[in-house]
Amino acid sequence: MHGWAAPITAANAVGVSEAAGALLAGQPELPRPPSYGKASIGDLLSSAAAVLGHAGSRNVLGLPAAPRICVVLVDGLGKSLLAKRAAHAPFLRTVLADDSGGSHPRTLHAAFPSTTATSLSSLGTGQVPGQHGMVGYDVLDPGQDKVVNLLGNWDGGVDPLRWQPFPTIFEQLAGSVPTTTVSLPKFADSPMTRAALRGSEFRGATSSHARVEAAAEALAATPKALVYLYWSELDKAGHSHGADSPQWERALEELDAGMKRLAATAPANTLILLTADHGMVDVPRSARVDYSQHPELVAGVRHTAGEPRMVHLYLDDGATAAGRDALMSAWLERYGKLAWVLTRDQAVDAGYFGEVRDEVRGRIGDVLVLARESVAFYDMRRVRPQAMEVVGQHGSITKAEREVPLLRIPVTGKPAGGRRR
Ligand SMILES: [Zn+2]
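Residues numbered from 1 in each chain as written. Predicted model: local features only at pLDDT ≥ 70, side-chain atom pairs only at ≥ 80, totals over all residues.

The chain is annotated in an unreviewed UniProt entry as Alkaline phosphatase family protein from Arthrobacter stackebrandtii.

J.: Mind showing me how you'd approach helix α11 (residues 233-241) here?
T.: Because each turn of an α-helix spans 3.6 residues, side chains separated by three or four positions in sequence point in the same direction. Along α11, the residues classified as buried are E233, L234, D235, A237 and G238. Of the surrounding secondary structure, the elements contacted by the buried residues of α11 are β1 (68-74), α10 (208-221), β7 (225-231), α12 (246-265) and β16 (392-393). (Buried ≥ 20, exposed ≤ 12 C-beta atoms within 10 Å, placed from the backbone. Helix = DSSP H or I, 4+ residues; strand = E, 2+ residues; numbered from the N terminus. Contact = placed C-beta atoms within 7 Å.)

J.: How should I be thinking about the pairing of strand β14 (residues 367-371) in this particular structure?
T.: Here is the key point about a regular strand: its side chains alternate between the two faces of the sheet. Of all five residues in β14, five are buried; the element is thus mostly enclosed. Of the two faces of β14, both are covered, the one formed by V367, V369 and A371 as well as the one formed by L368 and L370. Direction of pairing for strand β12 (residues 310-315) relative to β14: antiparallel, over a ladder of four bridges. Note that in β14 the partner of H312 across the bridge is L368. Here strand β13 (residues 339-343) pairs with β14 via five bridges, running antiparallel. (Pairing = 2+ DSSP bridges.)

J.: What am I meant to see in the environment of H104 here?
T.: For H104, the position within the fold is in the loop between α4 (90-98) and β2 (107-109). In contact with H104, not counting residues within four places along its chain, are L61, G62, L63 and L406.

J.: Looking at this structure, I do not really get the packing of α4 against α12. What am I missing?
T.: Packed helices, taken two at a time, are described by their axes: the angle between them and the distance between them. Look at α4 against α12: their axes get within 7 Å of each other, and the N-to-C directions meet at 65°. For the pair α4 and α12, the contacting residues are P90, F91 and L92 in the first and D256, M259 and K260 in the second. (Axes fitted to C-alpha atoms, helices over the stretch in contact; angles between N-to-C directions.)

J.: I would appreciate a short explanation of the sheet that holds strand β18 (residues 407-409) in the present structure.
T.: Across a sheet, paired strands are connected by hydrogen bonds in the backbone, their directions being either parallel or antiparallel. Pairing in this open sheet of six strands is mixed, and the strands run β6-β5-β7-β1-β8-β18 from one edge to the other. Where the open sheet ends on each side, the last strands, each with one partner, are β6 (201-204) and β18. Going from strand to strand, the sheet's axes swing by 20° on average, the running direction of each strand aside. Sheet topology places β1 next to strand β8 (residues 270-276); seven bridges connect them, and they run parallel. Bridge pairing in β8 places V71 opposite L273. α10 contacts β1, β5 (179-183), β6, β7 and β8 of the sheet and is inclined by roughly 175° relative to β7.

J.: Is there a simple way to explain the environment of D75 in this structure?
T.: Within the secondary structure, D75 sits in the loop between β1 and α3 (79-84). Judged by the 20 C-beta atoms lying within 10 Å of it, D75 is buried. Distance in space between the C-alpha atoms of D75 and R334 is 32 Å, their sequence separation being 259 residues. Once residues lying within four places of it in the same chain are set aside, the contact partners of D75 are T116, W231, S232, L234, D235, A276 and D277.

J.: Where do I start with the sheet that holds β12 in this structure?
T.: What the four strands build is an open sheet, ordered β11-β12-β14-β13; its pairing is antiparallel. Of all strands in the sheet, those with a lone pairing partner are β11 (301-307) and β13, marking the two edges. Sheet twist, expressed as the mean angle between neighbouring strand axes with direction ignored, is 20°. Running over the sheet, helix α13 (residues 321-335) touches β11, β12, β13 and β14 and is turned about 175° from β13.

Structure, rendered in structure tokens:
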């Protein structure tokens, strides 16, 4: 139905200048776009909703039948990281090894860019980024001609319900299936929650232990239930110390223990699914670069936004195709060995954002820089110096960032003294 499965080549990158097409053709082949509508993070809650009887949703993932479903979203747990560090997750490692039943995919694709605001919005709404419009950590709001943050520093001039107007899966299930979000208390009424995950009963708990308890309680409270459990700790450890750090290992051990507890305390007929919003790549300090120091990399650029591994560059009003192509050439000359550089049209036509509605187009940069190697690009005229200290990073479309696990965790029954299944 859509051309999403086709690799990007100069020949099918329509709607761009010949020069831009040639620039793209000279680069290493881009990864295919995310498997939207087949095996992406945006297909998970909608498949769960279909399993729970919602007529408007389709179970595209082929999830097994269950009256209760718990979706655990582990921020930053890439599929390859879990495989590599499985020694620190004895419970999840066993689940991985035993997981042979059912036809559902074991790997999902994060949305693009591979960042929390974008992937969680796809999860919450079942929509591709080009529809829900949360197309980065921060992006241009064309209406205000201003870069706005879509996560923790939400801009007061942006109404979450207008920016992301589609009903969430929780809203679609209202009146038929009780839905609960279990997350940190500070996210109860955050603009990000209102934009992408509105419409469920919210249970806030600070410690991961308390969140597991709250999830098990919510699952047991009604005969039919959809519970969304958000796990923040791993991503935090990865950003501060890297995924290759003892701190990250400890966070993984804590997750492992929490999942073991959830498996022991959830009602027997619960389908527990673990996934993530994106993976992570460690970027050494020497590879975190301030591109704004090079005038040719910001020539004719009015705004910069995005993540250091997926930069949005927005051109001045009245910019020409030739000016844009010169900018791309400058980036390729300096960083072409480390990153892909493409126009908005090339990324859109290739299906990276899914189908893009008109209102969302202007939020996407005219030129996009996608990190391919362990590198991160900063505009230090704009971002805080502390941003340079971030070790684990994500946003681009490499395998390590885009591939996340879909793990089915079997309910093991009550722990000591409790009833066995
Ligand atoms: Zn993150």
